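A structural walkthrough
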Amino acid sequence: MADGTTRSGGRLDRLLRLGSVPVAAAALTGTMAVYMTLVAFGNITDFATNQQFVEHVLAMDTTFKDPQLMWRAIESPALQNAVYVAIIVWETLSAVVLLLATWLWAAGLRLRAHDRARRASTLGLVMVLLLFGLGFIAIGGEWFAMWQSSDWNGLDAAARNVASAAFALVVVHLPSGRRSADESD
């Protein structure tokens, strides 16, 4: 061929592009998008299961019941439900943003235009970090002493979600080799 490559070399180059940072970022963003979609869908279609989790964490009824901490408990069912609905709304918005980011990655892979996908992924992944890091680990785990409960302790799951979102966020921000004008941050 005129450029010195063979047909099989061209195929190999196209195949190896699947190992690029933008493809990895798209895959990780897509994985988090599917996960958050399923989390939101599960909480919407099986409202009562995780509603009990939120109620018990907020009521602090399975903690050590230290009088120094129990003033923090929220026992109002209306307020507990409002918190749970807010969590579901946040999960749904995170899923929508991550689905959009995945679509932007897919569309940008052909054009090598990744800036919009990177920004959308960052927004969605930070939303996940806030939900599980701030919401579940900091507020649920520490403020409402969820760590004291053997029955209603979601800290391990929250930590896995924080680690997954943080890892994806790091990959999304890795340099992708060639930089185009739209990728300058």
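Presented here is an overview of the structure given in this document. (Residues numbered from 1 in each chain as written. Predicted model: local features only at pLDDT ≥ 70, side-chain atom pairs only at ≥ 80, totals over all residues. Heavy atoms only, no water.)

1. So, the overall build of the protein chain
What counts here: Elements are defined by DSSP. Helices are runs of H or I of four residues or more, strands are runs of E of two residues or more, and each kind is numbered from the N terminus. For the radius of gyration, the atom set is restricted to C-alpha positions; the globular benchmark scales as 2.2 Å times the number of residues to the power 0.38. Whether two residues are in contact is decided by their heavy atoms: any pair within 4.5 Å suffices. Throughout, the Shrake-Rupley method with a 1.4 Å probe supplies accessible areas, and for residues the shown protein chains are the sole cover considered. Positive: Lys, Arg. Negative: Asp, Glu. His and the chain ends are not part of the count. Every charge is mapped to an atom, namely NZ of Lys, CZ of Arg, CG of Asp or CD of Glu.
For the protein chain, the helix and strand inventory stands at six helices and zero strands. Listing each helix as α and each strand as β along the protein chain from the N terminus yields α-α-α-α-α-α. Relative to the compact-globule value of 16 Å for 185 residues, the protein chain shows a C-alpha radius of gyration of 21 Å, a clear excess of over 25%. By its C-alpha atoms, the protein chain is 80 × 30 × 30 Å across when sized along the principal axes. Partitioning the intrachain contacts of the protein chain with sequence separation of at least 6 by distance along the chain shows that 76% fall at a separation of at least 24. Total accessible area on the protein chain is roughly 10700 Å²; 66% of this is exposed by carbon and sulfur atoms. For the protein chain, the centre of its 14 positive side-chain charges and the centre of its 15 negative side-chain charges are spaced 19 Å apart.

2. Some points on a positive patch on the surface
Selection rule: A patch consists of residues whose relative accessible area exceeds 30% and which take part in no salt bridge; residues with like charges are grouped when within 9 Å of each other, and nonpolar side chains (Val, Leu, Ile, Met, Phe, Trp, Tyr) when within 5 Å. Salt bridges are defined by distance alone: a side-chain nitrogen of Lys or Arg within 4 Å of a carboxyl oxygen of Asp or Glu. Whether a residue is buried, partly exposed or exposed follows from its accessible area with a 1.4 Å probe, protein chains only, as a fraction of its type maximum: under 20%, in between, or over 50%, in that order.
On the surface, Arg-11, Arg-14, Arg-17 and Arg-112 cluster together into a patch of positive charge. When its relative accessible area of 53% is taken as the criterion, Arg-11 is described as exposed.

3. Overview of the pattern of salt bridges
Enumeration over the complete set of coordinates arrives at one salt bridge. Across the salt bridge formed by Asp-115 and Arg-119, the nearest N and O atoms sit 3.0 Å from each other. Taken as a pair, Asp-115 and Arg-119 lie in helix α5 (residues 115–143) at a separation of four residues, close to a single helical turn. On the accessibility criterion, Asp-115 (13% relative accessible area) is buried.

4. Structural notes on unusual backbone geometry
Of note, the phi angle at Met-60 is positive, near 55 degrees, even though the residue is not glycine. One non-glycine residue with positive phi stands out, namely Ala-145, at about 55 degrees. Among the structural elements, Ala-145 can be located in the loop between α5 and α6 (155–172).

5. Considerations on a nonpolar patch on the surface
There is a patch of nonpolar side chains on the surface, built from Trp-71, Trp-90, Val-126, Leu-130, Leu-134, Ile-139 and Trp-143 and spanning about 670 Å² of accessible area. With five residues, α5 is the largest single contributor of residues to the nonpolar patch. Assignment of secondary structure puts Trp-71 in the loop between α3 (47–59) and α4 (77–111).

6. Some points on the nonpolar core
Selection criterion: Side-chain atoms within 4.5 Å are what join buried Ala, Val, Leu, Ile, Met, Phe, Trp, Tyr and Cys residues into a set we call a nonpolar core.
Core analysis: the largest hydrophobic core is formed by 38 residues, its most contacted members being Met-32, Met-36, Leu-98, Leu-125, Val-128, Phe-132 and Phe-136. Mapped onto this core, the elements with two or more residues apiece are α2 (21–45), α3, α4, α5 and α6. If you tally residues by element for this core, the top one is α4, at eight residues. Apart from the residues within four sequence positions on either side, Val-128 is in contact with Met-32, Met-36, Ser-94, Leu-98, Gly-133, Asn-161 and Ala-165.

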